[in-house]
Amino acid sequence: MPGARILNHHAGLVNRMAETVGVDLSHSLAVGHLSGEDWRGMVMRCTQCADPVACQGWLATHQGETVVAAPAWCRNEAQMRRLQVTARDDADKDEVA
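These numbers come from a predicted model, not from an experiment. (Residues numbered from 1 in each chain as written. Predicted model: local features only at pLDDT ≥ 70, side-chain atom pairs only at ≥ 80, totals over all residues. Heavy atoms only, no water.)

1. Structural notes on the overall build of the chain
The following threshold applies: In this text, helices come from DSSP runs of H or I with a minimum length of four residues, and strands from runs of E with a minimum of two, each type numbered from the N-terminal end. In this treatment the radius of gyration is a C-alpha quantity, and the globule benchmark scales as 2.2 Å times the residue count to the 0.38 power. Relative accessible area decides the class of each residue, using a 1.4 Å probe on protein chains only: under 20% of the type maximum gives buried, over 50% gives exposed, and in between gives partly exposed. Here, residues are in contact when the closest pair of their heavy atoms is within 4.5 Å.
In terms of helices and strands, the chain carries five helices and zero strands. In the chain, the order of α-helices and β-strands from amino to carboxyl end is α-α-α-α-α. Here the chain has a C-alpha radius of gyration of 14 Å; the compact-globule value for 97 residues is 13 Å, and the two agree. Here the chain, with 97 residues, has 35% of them falling under the buried criterion. Excluding contacts between residues fewer than 6 apart, the proportion of contacts in the chain whose partners are at least 24 apart in sequence is 77%.

The structure is reproduced here in structure tokens:
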């Protein structure tokens, strides 16, 4: 298992990636669309990334933006996409109600 410093670094990358693709992880956790175990899994997948420096560069390039999707090489791209869809579905339900 990676050390605390590595885990914290990758947790930060996961959080920044989520923010960049318009996913509110805190809200997703609060409403049950993401479990603590899911979030830990995302961080662990991130620690297995072959090039976190490229991720940092990509995030820096898109700082302050909201982009349509995480890059295809992101180990959490599918999870981010799922959370984006879930957030949009929730927003659509709120508009109808």
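2. Structural notes on the packing of helix α1 (residues 4–20) against helix α3 (residues 36–47)
The condition is simple: Axis definition: a line fitted to C-alpha atoms, over the contacting stretch in the case of helices. Angles run 0 to 180 degrees between N-to-C directions. Here is the rule for angles: anything less than 35 degrees is roughly parallel, anything more than 145 is roughly antiparallel, 65 through 115 is roughly perpendicular, and the remaining ranges are oblique. Side-chain classes are defined by residue name, with Ala, Val, Leu, Ile, Met, Phe, Trp, Tyr, Cys and Pro counting as nonpolar, Asp, Glu, Lys and Arg as charged, and the others, Gly among them, as polar.
One can describe the packing of α1 onto α3 by two numbers: an axis separation of 9 Å at closest approach and a directional angle of 105 degrees. On the basis of their axis angle, the class for α1 and α3 is roughly perpendicular. Here I6, L7, H10, A11, L13, V14 and N15 of α1 lie close against α3, whose contacting residues are W39, M42, V43, M44, C46 and T47. For the contact of α1 with α3, a count of residues per class yields ten nonpolar, three polar and no charged.

3. Focus on the pattern of salt bridges
Inclusion rule: Only one rule defines a salt bridge in this text: a Lys or Arg side-chain nitrogen within 4 Å of an Asp or Glu carboxyl oxygen.
Per the counting criterion, the structure on display carries one salt bridge. Between R81 and E77 there is a salt bridge whose closest N-O contact spans 2.8 Å. On the criterion of helical spacing, the pair formed by R81 and E77 is a turn pair, its members being four residues apart in helix α5 (residues 77–96). Its relative accessible area of 42% is what places R81 among the partly exposed residues.

4. Regarding the packing of α1 against helix α4 (residues 52–61)
We count it as follows: Helix crossings are classified by the rotation of the near helix relative to the far one: an anticlockwise turn of less than a right angle makes the crossing left-handed, while a clockwise turn makes it right-handed.
At a closest axis distance of 11 Å, the pairing of α1 and α4 adopts a crossing angle of 35 degrees. Handedness of the crossing formed by α1 with α4: left-handed. Where α1 abuts α4, its residues H9, H10, L13, R16, M17 and T20 lie against P52, C55, Q56, W58, L59 and A60. Broken down by class, the residue content of the contact of α1 with α4 amounts to seven nonpolar, four polar and one charged.

The values are spatial; any link to function lies outside them.
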